[in-house]
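Residue-level structure breakdown
This is what each chain is made of:
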Amino acid sequence: MTKLQIEYLRLSIAFIVFAFIITLLFLNINQVQIQWFTKLTEVLTIPALLLSIAIPLWMIVDLIRKKVADKAIFNLTFFISVISILLLLFTIYLLY
């Protein structure tokens, strides 16, 4: 894989985690009870938390090793990852 493909892979994973967290928050705030999504959320909360933490760490390691292909994609991915971490912590606080 090229450096640019890795950047896009990180961006897509960060966006999927972000969309999962936003959907979870939206359904909980509006008190929508969807049984299958509740079960899916119970299964995917820990992997979403791990991915939210692992992606910025992976990015920092690549930044130190100077393997960043596109700074704009890098910054967008980092921004989405940080927002995802904050939203996930807010979600955990809201739910438990």
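What comes next concerns the included structure. Treat the numbers as computed from the prediction; the structure is a model and nothing was measured. Residue positions are given per chain, counting from 1 as you read along its sequence in written order. In view of the model being predicted, local features appear only for residues whose pLDDT reaches at least 70, and side-chain atom pairs are presented and counted only at 80 or more, with totals across whole chains, interfaces and linings using the full set of residues. Hydrogen atoms and water are omitted, and side-chain values are computed over all heavy atoms in the structure.

Residues spaced three or four apart along an α-helix point in a common direction, a consequence of the helix completing one turn every 3.6 residues. The end-to-end C-alpha distance of helix H1 (residues 3-29) is 39 Å, a good match for the 39 Å that 27 residues give at a rise of 1.5 Å each. Residues of H1 that are buried: Glu7, Arg10, Leu11, Ala14, Val17, Phe20, Ile21, Leu24, Leu25 and Leu27. On its buried side, H1 packs onto helix H2 (35-64) and helix H3 (71-95). Numbering of helices and strands runs from the N terminus; a helix is a DSSP stretch of H or I covering at least four residues, while a strand is a stretch of E covering at least two. Looking one or two places after H1, you find Gln31, whose phi comes out positive at around 55°. Take the number of residues in a helix, subtract one, and multiply by 1.5 Å to get its expected span. To sort residues, take the accessible area from a 1.4 Å probe on protein chains only and compare it with the maximum for the residue type: under 20% means buried, over 50% means exposed, and anything in between is partly exposed. Here, two residues are considered to be in contact whenever any of their heavy atoms come within 4.5 Å of each other.

Residues other than glycine seldom take positive phi values, yet Gln31 does so here, at roughly 55°. As for its position among the elements, Gln31 is in the loop between H1 and H2. Although it is not a glycine, Lys66 sits at a positive phi angle of roughly 60°. Structurally, Lys66 is set in the loop between H2 and H3.

Before going further, it helps to spend a moment on the packing of aromatic side chains. Aromatic rings considered in pairs are described by the distance between their centres and by the relative angle of their planes. Note on ring pairs: Phe, Tyr and Trp rings are taken, using the six-membered ring of Trp, and paired if centres are within 6.5 Å. Classes follow the plane angle, with under 30 degrees stacked, over 60 edge-to-face and the rest tilted. All chains considered together, the criterion is met by two aromatic pairs. Measuring from ring centre to ring centre gives 6.2 Å for Phe20 and Phe37, while their planes differ by 50°; the resulting arrangement is tilted. Of the two residues, Phe20 is situated in helix H1 and Phe37 in helix H2; the sequence distance between them amounts to 17 residues. You can call Phe20 buried: its relative accessible area is 13%. Measuring from ring centre to ring centre gives 5.9 Å for Trp36 and Phe37, while their planes differ by 90°; the resulting arrangement is edge-to-face. Residue Trp36 is classed as exposed on the basis of its relative accessible area of 61%. An aromatic cluster of three or more residues is present, and its members are Phe20, Trp36 and Phe37.

Looking now at the pattern of salt bridges. For this analysis, a salt bridge means a side-chain nitrogen from Lys or Arg found within 4 Å of a carboxyl oxygen belonging to Asp or Glu. This structure, assessed with the given rule, holds two salt bridges. Residues Arg10 and Glu7 are paired through a salt bridge, measuring 2.7 Å at the closest nitrogen-oxygen approach. Residue Arg10 and its partner Glu7 are located together in helix H1, separated by three residues, close to a single helical turn. Owing to a relative accessible area of 1%, Arg10 belongs among the buried residues under this scheme. Here Arg10 makes a salt bridge to Asp62, at a shortest N to O gap of 2.7 Å. You can see Arg10 sitting in helix H1 and its partner Asp62 sitting in helix H2, a full 52 residues away along the chain.

A fitted line through C-alpha atoms represents every axis, and for helices the fit uses only the stretch in contact; the resulting angles, taken between N-to-C directions, go from 0 to 180 degrees. H3 packs onto H1 with a crossing angle of 25° between their chain directions and a minimal axis gap of 9 Å. By the angle between their axes, H1 is roughly parallel relative to H3. In this structure, H1 crosses over H3, and the sense of that crossing is left-handed. Any residue outside Ala, Val, Leu, Ile, Met, Phe, Trp, Tyr, Cys, Pro, Asp, Glu, Lys and Arg is labelled polar, Gly included; the first ten of those are nonpolar and the last four are charged. Counted by class, the contact of H1 with H3 contains 22 nonpolar, five polar and two charged residues. Should an angle lie under 35 degrees it is considered roughly parallel, over 145 roughly antiparallel, and from 65 to 115 roughly perpendicular; all remaining angles are considered oblique. Each crossing is labelled by how the near helix is turned from the far one, with a counterclockwise turn of less than a right angle marking it left-handed and a clockwise turn marking it right-handed.

Nothing here speaks to function; it is geometry throughout.
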